[in-house]
Amino acid sequence: AKHRGKNRLCFYDPVMQETVTARLRLEEEIRLGTAAGEFVVLYQPQFGGDGAMLGVEALVRWQHPQRGFISPDQFINVAERAGLMPALGLHVLKSACNQLAKWARDPATAGLSIAVNVSAQQLYSDAFVEQVLDSLTRSGAPADRLTLELTESLLLDDMEEAIERMGQLRTRGIRFSIDDFGTGYSSLSYLQRLPLDQLKIDRSFVQNLPGSANGLAIVKAVIALARALDLKVIAEGVECAPQRDILDANGCHRFQGFLFARPMKVEAVEALLHDARRT
Ligand code: C2E
Ligand code: CA
Ligand code: CA
Ligand code: CA
């Protein structure tokens, strides 16, 4: 639209203007919503091969006063581009650490860990390492029960810096998991250089099971790779028993997905844990 003949300097485009306005409004709402405490954290349980709950992944939701629950796909990217993720991500991290500290005090829940998603802006902000350590210290949460989930693309933004920061946190006991593993189209060589504990097989691969031969080949290869590197491997988006069985038969250690449990409030996680122990 910028290059219509001689009108090159005429930038005004009503359609574009509308989306820009909408985005700016959304950014402002995210800013206000963060301050107003509208972002809540749900927890999706993760299970071991024996069916025991090992922990949860923290997943943020926007409880909008007018529009109700809004899923992260509708605001994370906007928040990230607007530089709002460090603040929002810190809120999630603090909530998770507070929850972890509560669980650590009760023998019935002391073994649970919490995984927290970290955005690029968050990882590379100057305050990040200190914020993580601070959140743990202030809450009294055990560091070795906190896992940070980082995507491949985020790590590749600035590998040296990422290695440095991960190293500082890992010496304190914090664990690292590669999120959406296999979707980043990256070379695998970086795996040797990072202080990792776990790979998470992306939902898009799990979804192809049980039908697709290629899907099966990929999943098998990822599990074999993780095990060869002495990493744990978790599958996300497990929706049916055949998917779980294939993953399990091929040596996947951990499972997450609607087959087991949806993202839920803390009380529901505790109820699920309680029920599982009675039966
Ligand atoms: P993700 O990290 O890959 O998280 C997994 C997503 O898959 C979650 O969507 C979860 O609700 C959904 N899911 C879990 N099991 C199943 C299943 O069996 N089937 C299907 N179809 N979906 C399943 P959600 O909660 O909407 O989050 C979407 C994405 O938003 C996350 O993808 C993550 O990238 C991002 N996100 C969520 N919370 C945070 C956060 O606190 N910080 C950051 N930086 N990103 C977040
Ligand atoms: Ca994740
Ligand atoms: Ca994913
Ligand atoms: Ca993701």
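Since the structure is predicted, the reported quantities are computational estimates derived from the model, not experimental observations.

Chemist: How do you make sense of the coordination of the calcium ion (ligand 2) when you look at a structure like this?
Modeler: Ideal values for angles at a metal depend on the geometry: 109.5 degrees with four tetrahedral donors, 90 or 180 degrees with six octahedral donors. Here the calcium ion (ligand 2) is held by Glu 57 (OE), Asn 117 (OD1), Glu 149 (OE), Asp 179 (OD) and Asp 179 (OD), and the distances to it run 2.2 to 3.1 Å. Coordination at the calcium ion (ligand 2) comes from six donor atoms whose angles at the metal span 45 to 176 degrees, giving a geometry best classed as irregular. One chain supplies every donor for the calcium ion (ligand 2), spaced along it as E-x59-N-x31-E-x29-D. Distance-wise, the calcium ion (ligand 3) is placed 5.7 Å from the calcium ion (ligand 2). Remark: Asp 179 occurs in strand E6 (residues 175–181) and Asn 117 occurs in strand E4 (residues 113–117); sequence separation between them is 62 residues. According to the relative accessible area criterion, Asp 179 is buried, its value standing at 7%.

Chemist: Any chance you could explain the confidence of the model for the chain here in plain terms?
Modeler: Fine structural detail should not be taken from predicted coordinates in areas where pLDDT scores are low. Of the residues in the chain, 94% have a pLDDT of 70 or more, and the chain-wide mean is 92. This stretch, residues 1–5, has a pLDDT under 50; its non-local contacts, to residues over four places away or in other chains, come to six contacts. Under the prediction, the complex receives an ipTM of 0.97, its pTM being 0.93.

Chemist: I keep staring at the environment of Val 206 and nothing clicks. Help me out?
Modeler: Among the secondary structure elements, Val 206 is positioned in helix H8 (residues 203–206). Sequence-wise, Val 206 and Asp 230 are 24 residues apart; in three dimensions their C-alpha atoms are separated by 21 Å. When residues no more than four places from it in sequence are discounted, the contact partners of Val 206 are Ile 201, Ala 235, Glu 236, Gly 237, Val 238, Gln 243 and Leu 247.

Chemist: I tried to follow the site of ligand 1 on my own but got confused; where do I start?
Modeler: As a matter of local geometry, ligand 1 sits amid 22 residues, with Gln 44, Arg 61, Arg 203, Glu 239 and Phe 258 nearest to it. A distance of 3.3 Å separates an oxygen atom of ligand 1 from a polar atom in the side chain of Glu 236. Measuring from an oxygen atom of ligand 1, one finds a backbone N or O atom of Phe 258 at 2.7 Å. Here ligand 1 has 790 Å² of accessible area as a free molecule, and 85% of this is covered by the chains. Using a 2 Å cut-off from the grid points, one finds that ligand 1 occupies the largest pocket. Elements with a contribution of two residues or more to the shell around ligand 1: strand E2 (53–64), helix H3 (85–105) and E6. The biggest single contributor to the shell around ligand 1 is E2, with four residues. Split into classes, the residues belonging to the shell around ligand 1 amount to nine nonpolar, five polar and eight charged.

Chemist: How do you make sense of the layout of surface pockets when you look at a structure like this?
Modeler: Gaps left between atoms show up when a probe the size of a water molecule is rolled over them. Put simply, the largest pocket is a space of about 1200 Å³. What lines the largest pocket is a set of 39 residues, and nearest its centre among them are Leu 59, Asp 73, Asn 117, Asp 179 and Asp 180. Within the residue set of the lining of the largest pocket, elements represented by two or more residues are E2, helix H2 (76–81), H3, helix H4 (120–123), strand E5 (146–151), helix H6 (152–157) and E6. Tallying contributions element by element places E2 first for the lining of the largest pocket, with five residues. Of the residues that constitute the lining of the largest pocket, the class distribution is 12 nonpolar, 14 polar and 13 charged. As a volume, the second largest pocket reaches approximately 310 Å³. Contributing to the lining of the second largest pocket are 17 residues, with Ser 113, Thr 147, Arg 175, Gln 198 and Arg 254 lying nearest its centre. Only E2, E4, E5 and strand E8 (232–235) provide two or more residues apiece to the lining of the second largest pocket. For the lining of the second largest pocket, the element with the highest residue contribution is E4, accounting for three residues. Considering only residue class, the lining of the second largest pocket consists of four nonpolar, six polar and seven charged.

Chemist: In this structure, what is going on with the coordination of the calcium ion (ligand 3)? I would like to understand it.
Modeler: Distances from the calcium ion (ligand 3) to its protein donors, Asp 180 (OD), Asp 202 (OD) and Glu 236 (OE), fall within 2.0 to 2.5 Å. Site description for the calcium ion (ligand 3): donor spacing in sequence, D-x21-D-x33-E. The class for Glu 236 is buried, based on a relative accessible area of 13%.

Parameters at a glance
The residue numbers shown here count from 1 along each chain, following its written sequence. Chains carry letters and ligands carry numbers; both start at the beginning, A for chains and 1 for ligands, and go up in the order they are written. In keeping with the model being predicted, local features are shown solely for residues with a pLDDT of at least 70 and side-chain atom pairs are shown and tallied solely at 80 or more, while totals for entire chains, interfaces and linings include all residues. Remark: hydrogens and water are excluded; side-chain values derive from all non-hydrogen atoms of the structure. The donor set comprises N, O and S atoms within 2.8 Å of the metal, extended to 3.2 Å for Na, K and Ca; water molecules are omitted, so apparent gaps in a site may simply reflect that omission. Key to geometry: four donors with every angle between 85 and 135 degrees are tetrahedral; four donors are square planar and six octahedral where opposite donors lie over 155 degrees apart and all remaining angles lie between 65 and 115; all other sites are irregular. Helix and strand labels come from DSSP, where a helix needs a run of H or I of at least four residues and a strand needs a run of E of at least two; each type is numbered from the N terminus. Burial classes follow relative accessibility: with a 1.4 Å probe on protein chains only, a residue under 20% of its type's maximum area counts as buried, one over 50% as exposed, and anything between as partly exposed. For every residue, the predictor states its confidence as a pLDDT score lying anywhere from 0 to 100. Two residues form a contact once any of their heavy atoms are found within 4.5 Å. A cutoff of 4 Å decides nearness: a residue is near a molecule or strand if any of its heavy atoms lies inside that distance of it. Any pair of nitrogen or oxygen atoms within 3.5 Å is treated as a polar contact; in protein, a donor-acceptor pairing is required on top of that, and neighbouring residues in sequence qualify only through side-chain atoms on both sides. Residue burial considers only the protein chains on display, and all accessible areas are found by Shrake-Rupley using a 1.4 Å probe. The way it works is a 1 Å grid over only the protein atoms, where trapped points that fit a 1.4 Å probe form a cavity and open points with protein on both sides within 12 Å along at least five of seven lines form a pocket, and then any residue with an atom within 4 Å of a point lines it. Put plainly, a molecule is in a cavity or pocket when over half of its atoms are within 2 Å of the grid points there. Lys, Arg, Asp and Glu make up the charged group, whereas Ala, Val, Leu, Ile, Met, Phe, Trp, Tyr, Cys and Pro make up the nonpolar group; the residues left over, Gly among them, are polar. Grid points are joined across faces, edges and corners, and a volume is the space filled by probe spheres set on the points.

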